[in-house]
Amino acid sequence: MSNRFMRIISLILALALCAVLLGGCGKEDESAPTPEPTEQAFDPAAYVKGGLDAVYLGEYSDEYISMLGGETKESCAERYERGMQVSLDVFCTYFGIEYEQCSESVRTELLELMHKMYKCAKYEIGTPEQIGEGYTVEVKVSPIAAVAQTAQEDYPDFAKGAAERIASGELDKGSQSFIDWWAKSIHDMVNAHLVSPTYLDAQTVTVTLEKNSGGSYAFSGTSLADIDALIVSYPA
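Residues numbered from 1 in each chain as written. Predicted model: local features only at pLDDT ≥ 70, side-chain atom pairs only at ≥ 80, totals over all residues. Heavy atoms only, no water.

**Observations concerning the environment of H187**
The residue H187 is located in helix α7 (residues 176-194) in this model. Note on H187: relative accessible area 10%, which makes it buried. Here the alpha-carbon distance between H187 and V106, two residues 81 residues apart in the chain, equals 9.1 Å. Those residues in contact with H187 that lie beyond four places of it in its chain are E109, L110 and L113. (Helix = DSSP H or I, 4+ residues; strand = E, 2+ residues; numbered from the N terminus. Buried < 20%, exposed > 50% of the residue type's maximum accessible area, 1.4 Å probe, protein only. Contact = heavy atoms within 4.5 Å.)

Right, here's the structure in full:
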């Protein structure tokens, strides 16, 4: 869906910024001797983990920030919040929540749910392998099951019951109270599965880091989109 595509693009842009900025890390005056190539200081595993932590957990280690060459925790936090809003758009579209029509208090609760859910993101960074001037890094992702559990275990009966109450005239689908009730009900179902979060079987994505023409490392291929599609499972 288009919102899911937006979420993936948000991730790619956030991590691509790190790649661009890394091109300036560790550079000195060209007139000074450089005993070792600049890329010796590049830590591909820390780069990948730091980028994923920033996007999903809202965590920015000093090591990660130091790799960004002038970037701040504040600017990383701004991108994190934008990513959470895109994730919320995907979530609301999936469950038929009219986010813009919800009351402010319900919108706040929904956004807080995104923070809580993505804080449960689970991934392990493997040992990097150097291939020429680039690297590959395996990332093992364990998909968060809360949305899938809600969709498969809770939602069918909930939606059926709501449809029956609408048909009988008990609920007015266009009313503010219904819009908020629907959103809050979905929120509560997913939130219940996050009290003790469970995960689907782990899957491994191989991330490729390659040097671009400017000498900076960048993510190559579709690996970032593949990771993002796994973090939270959205059944078809």
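Having seen it, we continue.
**Examining the state of the cysteines**
A complete count under the given rule lists zero disulfides for this structure. Of the cysteine sulfurs around C92, a residue in no disulfide, the closest is that of C102, at 6.6 Å. (Disulfide = S-S within 2.5 Å.)

**Section: the side chain of T150**
Within the element layout of this structure, T150 appears in helix α6 (residues 146-167). The residues touching T150, leaving out its near neighbours within four places in the chain, are F95, Y155, P156, M189, V190 and H193.

**Quick word on the packing of aromatic side chains**
Enumeration according to the criterion identifies 14 aromatic pairs in this entry. A centroid spacing of 4.9 Å and a plane angle of 85° characterise the contact between Y94 and Y234, whose relative ring orientation is edge-to-face. Taken together, the residues span a long stretch of sequence, with Y94 in helix α4 (residues 73-95) and Y234 in the segment after α8 (223-231) at a distance of 140 residues. A relative accessible area of 24% places Y94 in the partly exposed class. Take Y234: its relative accessible area is 19%, and that puts it in the buried class. Through a chain of ring-to-ring contacts, the aromatic side chains of F91, Y94, F95, Y155, F158, F178, W181, W182 and Y234 assemble into a single cluster. One Lys or Arg, K122, reaches over the ring of Y199 and ends 4.9 Å from the middle of that ring. Directly above the ring of W181 sits R165, whose terminal nitrogen or CZ lies 5.3 Å from the centroid. (Phe/Tyr/Trp six-rings, centres within 6.5 Å; stacked < 30°, edge-to-face > 60°. Lys NZ or Arg CZ within 6 Å of the ring centre and 35° of its normal.)

**Considerations on helix α5 (residues 104-118)**
With 15 residues, α5 ought to run about 21 Å at 1.5 Å a step, and its terminal C-alpha atoms sit 22 Å apart, in line with that. Among the residues making up α5, those that are buried are V106, L110, L113, M114, H115, M117 and Y118. (Expected span 1.5 Å × (residues − 1).)

**Quick word on the nonpolar core**
With 63 residues, the main nonpolar core has F91, I97, M117 and I231 as its most contacted residues. Leave out the neighbours within four places in its chain, and F91 touches I97, L110, L113, M114, M117, V147, I186, V190 and Y234. (Core = buried A, V, L, I, M, F, W, Y, C linked by side-chain atoms within 4.5 Å.)

**Considerations on the pattern of salt bridges**
Counted by the stated rule, this structure contains six salt bridges. Of the charged contacts in the structure, one is a salt bridge between E124 and K140, with a shortest N-O distance of 3.8 Å. Note that E124 is positioned in strand β1 (residues 122-125) and K140 in strand β3 (residues 134-142), a separation of 16 residues in sequence. A salt bridge links E170 to R165, with the shortest nitrogen-to-oxygen separation between them at 3.0 Å. (Salt bridge = Lys/Arg side-chain N within 4 Å of Asp/Glu carboxyl O.)

**Re the pairing of β3**
Regular strands place their side chains on alternate faces of the sheet. Counting buried residues in β3 gives seven out of nine residues, a clear majority hidden from the surface. Here four bridges tie β1 to β3, and the two strands are oriented antiparallel to one another. Paired with Y123 across the bridge in β3 is V141. Joining the antiparallel neighbours strand β2 (residues 129-131) and β3 is a turn of two residues, in which G132 adopts a positive phi near 65°. Where β3 lies against strand β4 (residues 203-211), seven bridges are found, and the strand directions are antiparallel. Bridge assignment links V141 to a residue of β4, and that residue is Q203. (Pairing = 2+ DSSP bridges.)

The values are spatial; any link to function lies outside them.
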